[in-house]
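Examining the three-dimensional arrangement
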Amino acid sequence: VQLQASGGGLVQTGGSLRLSCVASGRAFIFSNNALGWFRQAPGKEREFVAHISWGGGSTYYADAVKGRFTISRDNPKNTVYLQMDSLEPEDTAVYYCAVKTLTGPPGRISEYDYWGQGTLVTVSS
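Residues numbered from 1 in each chain as written. Predicted model: local features only at pLDDT ≥ 70, side-chain atom pairs only at ≥ 80, totals over all residues. Heavy atoms only, no water.

**Notes on the side chain of Lys 100**
Following the sequence through the fold, Lys 100 ends up in strand E9 (residues 93–100). Side-chain polar atoms of Lys 100 contact the backbone oxygen of Leu 102, separated by 2.7 Å. If sequence neighbours within four positions are ignored, Lys 100 has contacts with Asn 33, Ala 34, Leu 35, His 51, Pro 105, Pro 106, Glu 111 and Tyr 112. (Helix = DSSP H or I, 4+ residues; strand = E, 2+ residues; numbered from the N terminus. Polar contact = N/O pair within 3.5 Å; in protein donor to acceptor, adjacent residues only side chain to side chain. Contact = heavy atoms within 4.5 Å.)

Structure follows, in structure tokens:
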């Protein structure tokens, strides 16, 4: 399974960005899998951001982004999105998408596999 994230960049505080992540793989059925977004700031551990169920009907967010970020998916396009609004300098990080392969809590990083290469988001103050 390959994941290609894009959409990062430099934005001012209060601005918006939309990240995309396209999944591919010979035996990978995108619509059968839940997905997540994580981020890693410089000098910090990778942390959970958002999760979406296989059909898109259920979402879950980290408290730090709740109300500002929205995760969505387009199964025919094998793509998951992260709409980020009201960005803050604390949101500066490399953002990664991943496939949830286990059945435990959606916010637990060990539940995920097949990580993308990441896309850098920088929020200036």
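**Comments concerning the sheet that holds strand E7 (residues 69–74)**
Taken together, the four strands give an open sheet; going across it, the order is E1-E3-E8-E7, and neighbouring strands pair in antiparallel fashion. If you trace the sheet from one side to the other, it starts and ends with strand E1 (2–6) and E7, each paired once. Put simply, the sheet's adjacent strands are angled 15 degrees from each other on average, direction ignored. In terms of strand pairing, strand E3 (residues 17–24) meets strand E8 (residues 79–84) through six bridges, oriented antiparallel. Note that in E8 the partner of Val 22 across the bridge is Thr 79. (Pairing = 2+ DSSP bridges. Axes fitted to C-alpha atoms, helices over the stretch in contact; angles between N-to-C directions.)

**A look at unusual backbone geometry**
Positive phi, close to 55 degrees, is recorded for Asn 78, a residue that is not glycine. Its place among the elements puts Asn 78 in the loop between E7 and E8. Note on Asn 78: relative accessible area 25%, which makes it partly exposed. A positive phi angle, close to 60 degrees, is found at Tyr 114, a residue other than glycine. Inspection of the secondary structure puts Tyr 114 in the loop between strand E10 (112–113) and strand E11 (119–124). Tyr 114 gets classed as partly exposed once you look at its relative accessible area, which sits at 35%. (Buried < 20%, exposed > 50% of the residue type's maximum accessible area, 1.4 Å probe, protein only.)

**With respect to the pattern of salt bridges**
When charged atoms on two side chains of opposite charge get close, those side chains can pair. One pass over the full model with this rule turns up seven salt bridges. Here Asp 91 makes a salt bridge to Arg 68, at a shortest N to O gap of 2.7 Å. In this pair, Asp 91 sits in the loop between E8 and E9 while Arg 68 sits in the loop between strand E6 (59–61) and E7, placing the two residues 23 residues apart along the sequence. Each member of the pair, Asp 91 together with Arg 68, is buried. Notably, a salt bridge pairs Glu 111 with Lys 100, separated by 3.6 Å at the nearest N-O pair. On the criterion of sequence distance, the pair formed by Glu 111 in the loop between E9 and E10 and Lys 100 in strand E9 is long-range, its members being eleven residues apart. Look at Glu 111 and you get buried, because its relative accessible area is 5%. A relative accessible area of 10% places Lys 100 in the buried class. Several salt bridges share partner residues, and in doing so they unite Arg 39, Glu 47, Arg 68, Glu 88 and Asp 91 into one network. (Salt bridge = Lys/Arg side-chain N within 4 Å of Asp/Glu carboxyl O.)

Read these as geometric descriptors, not functional statements.
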